[in-house]
Amino acid sequence: MKRSSLAWYVAVACLGGSLCVGSVVQADSPTTVKANPVVPTAMVAQVQSTQPTNSIAATNTVANTVAANSEPAKAAVVLDEQAALKQKQQYQADTETMGLLWMRTSAEYRALAYQGYNVAMNLVKMAVADPSHQRKPLAIVLDADETVVDNTKLMGESIANGNGRFDAPWWRQAVHQGKSQAMPGAVEFLNEVHKQGVEIFYVSNRYAPVNYDATVQNFKELGFPSVDKDHVLLFEKDSDKQPRFDAIAKKYYVVLYMGDNAGDFPIGTKGKTLAERNGIIDAHKEDFGTTFVVFPNPAYGSWVSALANGYQNLSPEEQKQVNNQYLQQ
């Protein structure tokens, strides 16, 4: 994932993704939408009636201060913020529905998961049989969410209830439910890699301080191998996965990287614009299917935040404008 991803802790915590998005976002908390405080007319009239008629400026200052600090005004601001957040959550749920339905229901999505694992298994077997790789122990590096574990049921339930905003608090709650399912073919693939004597490293942007224990328990229950502190490398201080990739590569020959987000691969896409991300992918076109295996994720990921600067925090109307611009290019 990206995915992961994650971070996130956004986008992550993200993880872990993320999302942010995806709504993965990879965002640390729901956006606070500013609203103009409502000034009760009766309150203003009451303040004005107690002021000298030649102190209009002072009257207005006092009235505004009292109105802004009154309980009804504060309540109105809170209600406006809640309504704006709910509107954004519902809009994101609406925009993500078809992509998530495809992940939840389509035969094509399952086929792509199996295809990814088949390609990866062939690469592992070729590496095991190649004596030139024996200078270091072999390893594979893979993301977790939407790469070996499937969170689409949890996301689907959230969207059906009107919330498509998968921020860090959402991911923490989802992870702690321990209900992430295995991707089609993931258990068989991972255990076969383990039998081949190849190390498996889960490099995820789930936020380690609050998600590590729940993640390990869930992975063990799913039957994944190599689930321990040496092989489950979650996000701690840096959501950029490159330092974790580098640490693994010092000791192991990495046969392949697997993920659903460009940030799941050691190609330097973190923080890049949409055009820069696409350019980096083009520059590494020969690596996909040979060193990198990508899983599809139209629901969330860094691709969403790359649509525009601060895209996740734009209003629904502003997001629609951005979306329509790309759709018509």
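Just so it is clear, the structure is predicted and the values come from calculations on it, not from any experiment. For every chain, the first residue of the written sequence is number 1, and numbering continues from 1 onward in sequence order. The model is predicted, so local features are restricted to residues of pLDDT at least 70 and side-chain atom pairs to those at 80 or more, both for listing and for counting; the totals for chains, interfaces and linings are taken over all residues. Side-chain numbers here rest on the full set of heavy atoms in the structure, without hydrogens or water.

A. Main features of the pairing of strand β6 (residues 199–207). With 7 of its 9 residues buried, β6 lies for the most part within the structure. Bridge count between strand β3 (residues 138–142) and β6: 4 bridges; the pairing is parallel. The residue of β6 that forms the bridge with valine 141 is phenylalanine 201. By convention, a crossover is right-handed whenever its connection, traced from the first strand over the helix to the second and viewed with the strands pointing away, goes clockwise. For helices the rule is a DSSP run of H or I covering at least 4 residues; for strands it is a run of E covering at least 2, with both sets numbered from the N terminus onward. A crossover links β6 with its parallel partner strand β7 (residues 232–235), the connecting element being helix α8 (residues 208–222), and its sense is right-handed. Accessibility here uses a 1.4 Å probe with only protein chains present; expressed as a share of the type maximum, an area under 20% marks a residue as buried, one over 50% as exposed, and anything in between as partly exposed. Between any two strands, at least two bridges found by DSSP are needed for them to pair.

B. Here's a closer look at the pairing of strand β8 (residues 253–259). Along β8, 6 of the 7 residues are buried, which leaves the element largely enclosed by surrounding structure. Across 5 bridges, the pairing between β3 and β8 is parallel. Considered in β8, the bridge of isoleucine 140 is made with leucine 256. As paired elements, β8 and strand β9 (residues 292–294) share 3 bridges and run parallel to each other. If you follow tyrosine 257 over to β9, its bridge partner there is phenylalanine 292.

C. Quick peek at the packing of aromatic side chains. Aromatic rings from Phe, Tyr and Trp, taking only the six-membered ring of Trp, are treated as a pair when their centres fall within 6.5 Å; an angle between ring planes under 30 degrees marks them as stacked, one over 60 as edge-to-face, and anything in between as tilted. For the coordinates displayed, the defined rule picks out 16 aromatic pairs. Ring geometry for tryptophan 170 and tryptophan 171: centres 5.2 Å apart, planes at 85 degrees, overall edge-to-face. With respect to class, tryptophan 170 is no different from tryptophan 171; both count as buried. Ring-pair connections join several aromatic residues into one group, and the members of that group are Phe245, Tyr257, Phe265, Phe288 and Phe292.

As far as function goes, none of this settles anything; it's purely spatial.
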